[in-house]
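Coordinate inspection notes
So you can see what is in the structure, the chains are spelled out below.
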Amino acid sequence: MSVRSFLAVLGVVALVGLLAFGLLSKGSSGLELGEAVPDEPLPRLEGGGMESLADYRGRWVLVNFWASWCIPCREEAPALERFQRQHGGPGFTVLGIDSRDLSSDGRDFVREYSLSYPQLRDGDGEAADDYGTTGVPENFLIDPAGKVRLLVRGPITEEYLREEVAPLLPGGRS
Amino acid sequence: MKIRLVLLALAAFALLAPTALAAEPRVTLAEIEEEVMCPVCGTLLQLAEAPQAQREKAFISRLIEEGKSEEQIKDALVAEYGDEVLATPKGSGFSLSAYVVPIVAFLVAAIALAIGVLRWRRAGRGPRDRGGKRGPKGPSPEDADRLDADLARYDL
């Protein structure tokens, strides 16, 4: 093979590779049950500093993606707070991730609903993309090994928390 | 007394005028809206009506009222939503490649085209044009005689 042919083939391979990369990176699929969750650190919504899901290994975590402009997020927030008050502790926590939202609006939301569980900030929506969310709210129950055990695309209800989430937590049924 | 009052008024104006000018909006919401994105909708902010877009517009309006410049407002938006909020990439860092790559690609294509044309033109010339040996020979003497005989038959 001549040098010219080799370069031509190399160019075509590079172009096809670039196109494939573009397609794959755009179409990232969502997390499935049993998959390990991404643990890129995120800034805390209040108080400064960073946190990642890896910091919660050994605990059950209900990751709740939300935004202050999202009406269903407002509807589920009181239920999540009640659930946190009932079950929150060394073995479990709700973890809010405020996604594609203004930080000041996010902080106002937390105050408005008196949310006591930890809150992280995902301003550019990268974490939401890594989880494969299609919008807000979305909820992921993560087991102590960092794997997805339950997945709720859309607002979570008090009934679902009681019937599906609570039985899995340390201490069993609520 | 009057002179003193006039001087006092002038001094007050000199002190307050720059502040008043600085407080004047330097950019409009419409100007910013056509240069930034609604991150949730994936469209220009000026085309978006989603609740998130409304919050973003209110945020920009607030910054305009505070007298922030276009650059300061864009920086604040990037701090909130990341680089993807900008409709056009920044002219620094990795984003610079969005401007540099097309230019480099154009230059490479132009050079390749120029080389191709030169080679094509060179290949198109006969060896005689390049001062080399004679090209294909003309008709043989027999053929030339026959051609002359044929032509002689016609009374042109």
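Predicted model only: the values in this text are computed from it and were never measured. (Residues numbered from 1 in each chain as written. Chains lettered and ligands numbered in written order. Predicted model: local features only at pLDDT ≥ 70, side-chain atom pairs only at ≥ 80, totals over all residues.)

Residue and element names in this part refer to chain A. The element strand E4 (residues 92-99) is largely enclosed, with a buried count of 7 among its 8 residues. Considered for its hand, the β-α-β crossover made up of strand E3 (residues 60-66), helix H2 (residues 71-87) and E4 is right-handed. Sheet topology note: the E4/strand E5 (residues 119-122) ladder contains 4 bridges and is parallel. Paired with Ser99 across the two strands is Asp122, which belongs to E5. Of the crossover connections in this fold, the one passing from E4 over helix H3 (residues 103-112) to the parallel E5 is right-handed. (Buried ≥ 20, exposed ≤ 12 C-beta atoms within 10 Å, placed from the backbone. Helix = DSSP H or I, 4+ residues; strand = E, 2+ residues; numbered from the N terminus. Right-handed = clockwise from strand over helix to strand, strands pointing away. Pairing = 2+ DSSP bridges.)

Opposite the 10 residues of chain B that make contact, chain A presents 9 residues. Contributing elements (two or more residues each) for the side of chain B that touches chain A: helix H3 (51-65) and helix H4 (70-81) of chain B. Counted by class, the side of chain B that touches chain A contains 5 nonpolar, 2 polar and 3 charged residues. (Contact = placed C-beta atoms within 7 Å. Nonpolar A, V, L, I, M, F, W, Y, C, P; charged D, E, K, R; others polar.)

A word on the confidence of the model for chain B. On average, residues of chain B score 82 in pLDDT, and 71% of them are at 70 or above. Taken together, the chains of this predicted complex give a pTM of 0.69 and an interface ipTM of 0.80. (pLDDT = per-residue confidence, 0-100.)

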